[in-house]
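Examining the three-dimensional arrangement
Okay, here's what each chain looks like letter by letter:
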Amino acid sequence: MSTTTFPKRTVPAGKWAADRTHSSATFEVGHLGVSTFRGAVKVFDATLEVTDDRFELDGGARVESFDVDEPNLKGHLLSPEFFDAERHPEIRFRAGELTEGDDGLVLKGELEIRGTSKAVVAHAEVGESGVGPDGSDRVSLELSTIIDRTEYGLGWNMDLPNGGKALADEVRLTVVLELVREEA
């Protein structure tokens, strides 16, 4: 994928890789109609290649690395009722179009969960570039989007006594990447 309109403010040209220590991948979903359950994925990677006319982001997250302290809940998330980690151990994201929209930068790509790929549009923010203590060029890229989890086969839910559902269908995904330029 590539785009013909390229934003003025973007990641500098080159090959970049996520610094996992200074990056994060989180999610938020409504719980019981009264609160928001927040979690994170601890093991993920992302690479980005930028040229004058191309922007290609590729990332993946290990389902087994969901950061959930409760063993029964984590087991449920890994089970076939949710992510089916044995058959689908990874969530993948690939994007190749970054454009300027009415509300800022827009990243268009494909998100794959449980073997189902769907087009997604994410709000993107590119931070200032700088140099890390080790002398490496660095830049940040923050992405956020909302997906309907049921479109990816994550349909488990529970009826509540008040007629509501245990989980909302909409899930907010936020990925904050501190990217390090790879040596040429």
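A few points on the structure. (Residues numbered from 1 in each chain as written. Predicted model: local features only at pLDDT ≥ 70, side-chain atom pairs only at ≥ 80, totals over all residues. Heavy atoms only, no water.)

**Topic: the pairing of strand S1 (residues 14-18)**
Among the five residues in S1, four count as buried, and that is most of the element. Two elements, S1 and strand S11 (residues 167-181), share three bridges in a ladder whose sense is antiparallel. Bridge pairing in S11 places Trp16 opposite Arg181. (Buried < 20%, exposed > 50% of the residue type's maximum accessible area, 1.4 Å probe, protein only. Helix = DSSP H or I, 4+ residues; strand = E, 2+ residues; numbered from the N terminus. Pairing = 2+ DSSP bridges.)

**Describing the nonpolar core**
Within the largest apolar cluster, 43 residues are counted, with the highest numbers of intra-cluster contacts made by Phe55, Leu57, Phe83 and Leu107. Contact partners of Leu107, with chain neighbours within four places excluded, come to Phe55, Leu57, Phe93, Ala95, Glu97, Leu98, Val120, Val121, Ala122, Ala124 and Leu143. (Core = buried A, V, L, I, M, F, W, Y, C linked by side-chain atoms within 4.5 Å. Contact = heavy atoms within 4.5 Å.)

**Quick look at the packing of aromatic side chains**
Within the structure shown, the criterion is met by four aromatic pairs. Connected via pairs of aromatic rings, a cluster forms that spans Phe27, Phe37, Phe66 and Phe83. (Phe/Tyr/Trp six-rings, centres within 6.5 Å; stacked < 30°, edge-to-face > 60°.)

**Side note on the layout of surface pockets**
Any empty space left between the atoms is revealed when a probe the size of a water molecule rolls over them. By volume, the largest pocket amounts to about 920 Å³. If you trace the largest pocket, you find 46 residues lining it, with Phe27, Phe66, Ile91, Val171 and Leu173 closest to the centre. The element that contributes the greatest number of residues to the lining of the largest pocket is S11, accounting for six residues. Among the residues making up the lining of the largest pocket, the classes are represented as 34 nonpolar, eight polar and four charged. (1 Å grid on protein atoms, 1.4 Å probe; cavity = no way out; pocket = protein on both sides within 12 Å on 5 of 7 lines; lining within 4 Å. Points joined across faces, edges and corners; volume = space filled by probe spheres on them. Nonpolar A, V, L, I, M, F, W, Y, C, P; charged D, E, K, R; others polar.)

**Description of the pattern of salt bridges**
Summed over the entire model, instances satisfying the criterion amount to 15 salt bridges. Salt-bridge contacts for Arg138 lead to Asp19; the nearest nitrogen and oxygen are separated by 2.7 Å. Here Arg138, found in strand S10 (residues 137-148), pairs with Asp19, found in the loop between S1 and strand S2 (24-31); they are 119 residues apart in sequence, far enough to count as distant. Given a relative accessible area of 15%, Arg138 falls into the buried group. Between Arg149 and Asp169 there is a salt bridge whose closest N-O contact spans 3.8 Å. A residue pair is termed long-range when its members are at least 10 positions apart, and Arg149 in the loop between S10 and S11 and Asp169 in strand S11 qualify at 20 residues. (Salt bridge = Lys/Arg side-chain N within 4 Å of Asp/Glu carboxyl O.)

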